Amino acid sequence: MKISSAVVTGGSGVIGTALIKRLVKEGIKVYAVCRHESSRNVNIPSNELVTRVECDIGNLQKLPGLIDAKADAFFHLAWTGTTGQSRMDMYIQNNNVRYALDSVKAAHALGCSVYVGAGSQAEYGPVSDIMKPDTPVQPISGYGMAKLCAGQMTRFMCKDLGIRHIWARILSVYGINMPQSSLIMYVISCLLKGDNPALTDGRQIWDYLFAADAAEAIFRMALYGQGGKVYVLGSGEARSMRDYVEEIKSLIDTSAELGFGKILYYKDQAMHLEADISELKKDLEWEPCINFREGISRIIEELR
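These numbers come from a predicted model, not from an experiment. (Residues numbered from 1 in each chain as written. Predicted model: local features only at pLDDT ≥ 70, side-chain atom pairs only at ≥ 80, totals over all residues. Heavy atoms only, no water.)

**Q** What is the right way to look at the nonpolar core in this model?
**A** Generally speaking, soluble globular proteins have nonpolar side chains that are buried together. One finds Phe-75 and Leu-233 to be the most contacted residues of the largest nonpolar core, which totals 72 residues. Counting residues in each nonpolar core, the second largest holds 30 residues, with Val-53, Trp-79, Tyr-99 and Tyr-115 among its members. (Core = buried A, V, L, I, M, F, W, Y, C linked by side-chain atoms within 4.5 Å. Buried < 20%, exposed > 50% of the residue type's maximum accessible area, 1.4 Å probe, protein only.)

**Q** Which parts of the structure should I look at to understand the packing of aromatic side chains?
**A** Two aromatic rings are characterised by how far apart their centres lie and by the angle between their planes. Counted according to the given criterion, the structure contains eight aromatic pairs. By the ring-pair criterion, three or more aromatic residues cluster together here, those being Tyr-174, Tyr-208, Phe-210, Tyr-244 and Phe-292. Between the NZ or CZ atom of Lys-147 and the centre of the ring of Trp-79, over which it lies, the distance is 4.0 Å. Sitting over the face of the ring of Tyr-124, Arg-169 holds its NZ or CZ atom 5.0 Å from the ring centroid. (Phe/Tyr/Trp six-rings, centres within 6.5 Å; stacked < 30°, edge-to-face > 60°. Lys NZ or Arg CZ within 6 Å of the ring centre and 35° of its normal.)

**Q** How should I be thinking about helix α5 (residues 183-193) in this particular structure?
**A** For an α-helix the count is 3.6 residues per turn, leaving residues at separations of three or four pointing the same way. Every buried residue of α5 is listed here: Ile-184, Met-185, Val-187, Ile-188, Ser-189, Cys-190 and Leu-191. Buried residues along α5 sit against β7 (172-174), β9 (208-210), α7 (241-252) and α9 (292-303). Following α5 by one or two positions, Gly-194 has its phi on the positive side, about 85 degrees. (Helix = DSSP H or I, 4+ residues; strand = E, 2+ residues; numbered from the N terminus. Contact = heavy atoms within 4.5 Å.)

Shown next as structure tokens:
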């Protein structure tokens, strides 16, 4: 399909900023929906093609009145309660489902013909094998339950409204605008300051994808993704967390001490995240271009 304009909620996040940059590169007009006076709004790329639309996630039903034009694509990346105890707050997570439904209604009012929603690996629950679109879903957190529900409900609503619906179950995306609380940013920050990070024993098997690669995949979902389909979004390659941290160390300070085993895994720690990206390759002709070492090098350069 041809995309001339798009709406992006969660435009100040690590994936949102990368997606906006990708859309702008294509000459697409972007309406970046962001929270009123959020400190993270500075992350939104500044470009003549980008219009900031201040609208809290709880007011997405008002979007059609705030955007004085039609749009072709709607990317719903915004979500509340993504970290800590809020992931188990059922009221917060239940509200997110309603917000997602509001975003579909807004997409329809704005004339969008495709809707791409950001799901999560948490929809699967604990998995010891590679995650595929048809891997059984057994979420164990309110966050995972709400993501699963939002994906299913928005799919049915989009079908009724004649909008092509794509759902991306995202594993672990890293990039410049990651939260400081994330493991990668924590390790990088510690090592740049000469501190020793306190870590688990690092035996988790993880699949990390650089934000620019994630943005390319999500953009291609809007262009070529099959309606009603779920895509698992990761790099397709998995390594131990210990290996990732050692590689970060090699790029900053090879003499640094790493505190493996100093902290315990948190409750219900996901020990294996690995994506089957064969459907992405087949439908979207996509595969990652930026390996972990290059991605981390870009983040370090930006921070320095």
